[in-house]
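Listed below, chain by chain, are the residues.
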Amino acid sequence: MSPRITLAVAARVLTQLRRDRRTLAMLLVLPCLVLALLWWMFDAGGAPLAGGFDALGPPLLALIPFIVMFLVTSVTTLRERSSGTLERLLAMPTGKGDVLVGYALAFGAVATVQSALAVLLCWAVLGLDVSGPVWMLVVVAVADAVLGTALGLFVSAFARTEFQAVQFMPALVIPQILLCGLFLPRDAMPGVLEAISDVLPLSFAVDAMSGVSKAGGGAGLGGVAGSVWGDLAVVVGFVLAGLLLGAATLRRRTA
Amino acid sequence: MVKNSVRNVVEVRDLVVRRGRVRAVDGLSCSIAPGVVTGLLGPSGCGKSTLIRAVVGVQVLTSGTVEVLGLPAGDRRLRHRVGYVTQAPSVYDDLTVAENLRFFGRVLGVPADETERCLEAVDLAAVRDRVVDRLSGGQRSRVSLAVALLGSPELLVLDEPTVGLDPVLRRDLWAMFHALADAGAAVLVSSHVMDEAQRCDRLLLMRDGRLLASDTPGDLLARTGTRDVEAAFLAIVEHAQEPKEVTA
């Protein structure tokens with residue numbers, strides 16, 4: 001790995017995104033629209049329903065960057081694999097880490113802007129109650145986005161077409177959404193499902209985000225509860241594991 | 001004076017590559033010398049691309065060895081020294097011509113003016129700021145070729161680089177391949193079009209994963225008593241199929 005090549009890969013991915021204005025606009029605007037819709041459903045009519053936006057906003061702030069970056073990354077890297085550019089890059093002095101970290105940096109940068117906009121909207125405009133520091137919501141969201149990127153890089157190795165890549169969403173992402181505690185508190189689930197949800201990365205991502213917002217989220221290191229730091233550490237661990245698995249799928253030699 | 005001491009750039013020994021149930025390369029040995037343009041000719045599906053992938057070091061080998069510049073093919077020390085153009089242009093469709101070259105140039109760590117030189121070499125300076133998506137097929141394959149020229153590699157491997165190109169451009173590209181060879185590089189060009197053979201200094205004829213002949217075009221025609229390489233190819237195939245006692 002070399003910083004020169006890693007940064008070249010990241011800059012190239014960002015240039016490609018910049019050229020695709022429609023995708024870029026959707027990446028930045030759609031999360032805000034979805035969150036506004038959620039607020040409208042629960043809080044705009046007066047008395048908040050079922051915990052309202054304060055309960056559902058944070059999990060969505062965690063879910064959206066994860067889902068979006070998972071999709072974007074799996075399709076982009078699949079394209080890179082099938083167009084022969086990955087083979088060319090790996091025949092050059094590029095390390096596998098350069099490709100993976102380059103992608104993670106580029107999408108992490110996009111996720112930072114995306115999450116900052118979404119968090120700003122929720123907190124400043126839609127009145128989301130955040131007891132911990134607001135910047136921590138952005139930090140957790142970026143970690144979730146990079147988690148989506150790492151997982152997307154990995155699964156792109158198992159898809160031959162973009163249709164197949166998109167189908168990994170119901171296979172790997174939707175079960176995690178169902179089990180992450182958004183629909184039913186995790187401790188209220190059947191024992192087996194609770195145990196499964198306890199080892200899924202998205203559960204930790206949602207817990208971290210909810211932990212920052214809910215009461216008591218501001219007591220700890222840097223004004224952030226210790227449990228949030230713990231959840232964040234687990235998410236980062238999953239990111240590293242995902243990148244390592246992704247590295248294993250990048251082959252210089254193929255049959 | 002015969003110079004046998006010139007070290008070959010590529011040495012392939014007893015190479016076998018199985019792809020699925022097919023032996024794409026079936027016990028092939030050959031060598032490629034520096035300073036000449038070597039043509040790898042044979043019909044589609046004869047194993048040319050597999051041999052080329054083995055030379056570049058991106059192919060899993062079943063048995064045999066491939067050595068490039070004295071190192072095993074694909075060795076990390078070779079990654080600056082070998083230029084490779086795949087059959088389908090491997091460049092980013094959503095970047096401009098110049099952006100593609102700049103990106104690969106940064107990966108290779110070549111100076112910025114090197115990208116300019118390679119753009120000129122493939123005659124694409126006029127469309128440098130066009131997105132690759134909008135270019136014609138021939139222009140796209142030239143972008144891919146320009147990337148392979150970055151950093152003046154000692155071995156340049158080109159898989160069917162002239163397919164579908166305008167005859168004028170094809171002539172210019174062959175002139176460029178010879179200029180590169182004159183500068184000391186080894187150039188390996190594959191083609192399924194037999195009449196490109198006369199543009200090569202040496203020929204490797206392939207069929208069904210095996211090497212039929214390794215010769216200069218002139219010696220090949222003289223040996224087979226034919227007028228063109230297509231006829232020579234047929235003569236060799238038919239000769240090989242005759243019963244042994246007749247040919248002996």
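For the structure, see preceding data.
Residues numbered from 1 in each chain as written. Chains lettered and ligands numbered in written order. Predicted model: local features only at pLDDT ≥ 70, side-chain atom pairs only at ≥ 80, totals over all residues.

A. Inspection of the overall build of chain B at higher detail. For chain B, the count of helices and strands is eight helices and 10 strands. Considering only C-alpha atoms, chain B reaches an extent of 65 × 45 × 35 Å along its principal axes. Burial status across chain B gives 44% buried among its 248 residues. Across chain B, every contact between residues at least 6 apart in sequence was considered, and the portion connecting residues at least 24 apart equals 68%. (Helix = DSSP H or I, 4+ residues; strand = E, 2+ residues; numbered from the N terminus. Buried ≥ 20, exposed ≤ 12 C-beta atoms within 10 Å, placed from the backbone. Contact = placed C-beta atoms within 7 Å.)

B. Representation of the overall build of chain A in the model. Check the secondary structure of chain A and you find 10 helices and zero strands. Written out in order from the N terminus, the α and β elements of chain A read α-α-α-α-α-α-α-α-α-α. Relative to a compact globule of 255 residues, whose C-alpha radius of gyration would be 18 Å, chain A shows 19 Å and is just as compact. With the C-alpha coordinates aligned to their principal axes, the bounding extent of chain A is approximately 60 × 40 × 35 Å. The proportion of buried residues among the 255 residues of chain A is 44%. (Rg over C-alpha atoms; globule rule 2.2 N^0.38 Å.)

C. Geometry of unusual backbone geometry. Residues and elements named next belong to chain B. For Ser-152, which is not a glycine, the phi torsion comes out positive at approximately 40 degrees. With respect to the helices and strands, the residue Ser-152 is situated in the loop between α4 (137-149) and β7 (155-159). Backbone geometry at Glu-160 places phi at a positive 50 degrees, although glycine is not the residue there. Mapped onto the secondary structure, Glu-160 falls in the loop between β7 and α5 (167-182). You can call Glu-160 buried: it has 22 C-beta atoms within 10 Å.

D. Representation of the pairing of strand β9 (residues 202-207) of chain B within the structure. All names here are of chain B. Across the six residues that make up β9, a large majority, five, are buried. Inspection of the sheet shows strand β3 (residues 37-41) paired to β9 by four bridges, in the parallel sense. Residue pairing in the sheet places Thr-38 in a bridge with Arg-202 of β9. Bridge analysis of β9 against strand β10 (residues 210-215) gives five bridges, and the strand direction is antiparallel. Bridging across to β10, Arg-207 finds its partner in Arg-210. Linkage of β9 to β10, two consecutive antiparallel strands, is achieved through a turn of two residues, within which Asp-208 is found at a positive phi near 50 degrees. (Pairing = 2+ DSSP bridges.)

E. Region of interest: the sheet that holds β3 of chain B. Residue and element names in this part refer to chain B. A sheet is described by the order of its strands in space; here six strands give the open sequence β6-β7-β8-β3-β9-β10, paired in mixed fashion. A single partner strand is all that each edge strand has here, and the edge strands are β6 (82-85) and β10. Direction aside, neighbouring strands of the sheet carry axes that sit 15 degrees apart on average. Here α4 sits on the sheet and contacts β6 and β7; the angle it forms with β6, its principal contact strand, is near 170 degrees. (Axes fitted to C-alpha atoms, helices over the stretch in contact; angles between N-to-C directions.)

F. Molecular detail of helix α7 (residues 229-241) of chain B. Residues and elements named next belong to chain B. Taking 1.5 Å per residue, 13 residues should reach 18 Å; α7 reaches 18 Å between its end C-alpha atoms and fits that length. All buried positions along α7 are accounted for by Val-229, Ala-232 and Phe-233. Projected down its long axis, α7 shows its buried positions confined to an angular sector of 105 degrees, all on one face. The exposed residues of α7 that point more than 90 degrees off its buried face are Glu-238 and Gln-241. Those residues of α7 hidden inside the fold are in contact with β9 and α6 (217-224). (Expected span 1.5 Å × (residues − 1). Arc of directions from axis to C-beta.)

G. Focus on the environment of Leu-69 of chain B. Residue and element names in this part refer to chain B. Structurally, Leu-69 can be placed in the loop between β4 (63-68) and β5 (71-72). Leu-69 sits in the partly exposed class, given 19 other C-beta atoms within 10 Å. Measuring from C-alpha to C-alpha, the distance between Leu-69 and Pro-34 comes to 9.9 Å, with 35 residues separating the pair along the chain.

H. Seen up close, the interface of chain A and chain B. In this complex, chain A contributes 22 residues to the contact, which on the side of chain B involves 23 residues. At the level of elements, α1 (3-19) and α4 (85-91) of chain A are the ones that each hand at least two residues to the side of chain A that touches chain B. Among the elements that take part in the side of chain A that touches chain B, α1 of chain A stands out by supplying seven residues, more than any other. Here the residues of the side of chain A that touches chain B are counted per class, giving seven nonpolar, seven polar and eight charged. (Nonpolar A, V, L, I, M, F, W, Y, C, P; charged D, E, K, R; others polar.)

I. Geometry of the packing of helix α2 (residues 97-108) of chain B against helix α3 (residues 112-121) of chain B. Residues and elements named next belong to chain B. Two elements in contact, α2 and α3, have axes separated by 9 Å at closest approach and are oriented at 130 degrees. Comparing the axis directions of α2 and α3 gives the class oblique. Crossing angle aside, the handedness with which α2 passes α3 is right-handed. Taking contact as the criterion, the partners of Val-97, Ala-98, Leu-101, Arg-102 and Gly-105 in α2 are, on α3, Glu-114, Thr-115, Cys-118 and Leu-119. Class assignment of the residues belonging to the contact of α2 with α3 gives a composition of five nonpolar, two polar and two charged. (Parallel < 35°, antiparallel > 145°, perpendicular 65-115°, else oblique. Left-handed = near helix turned anticlockwise from the far one by under 90°.)

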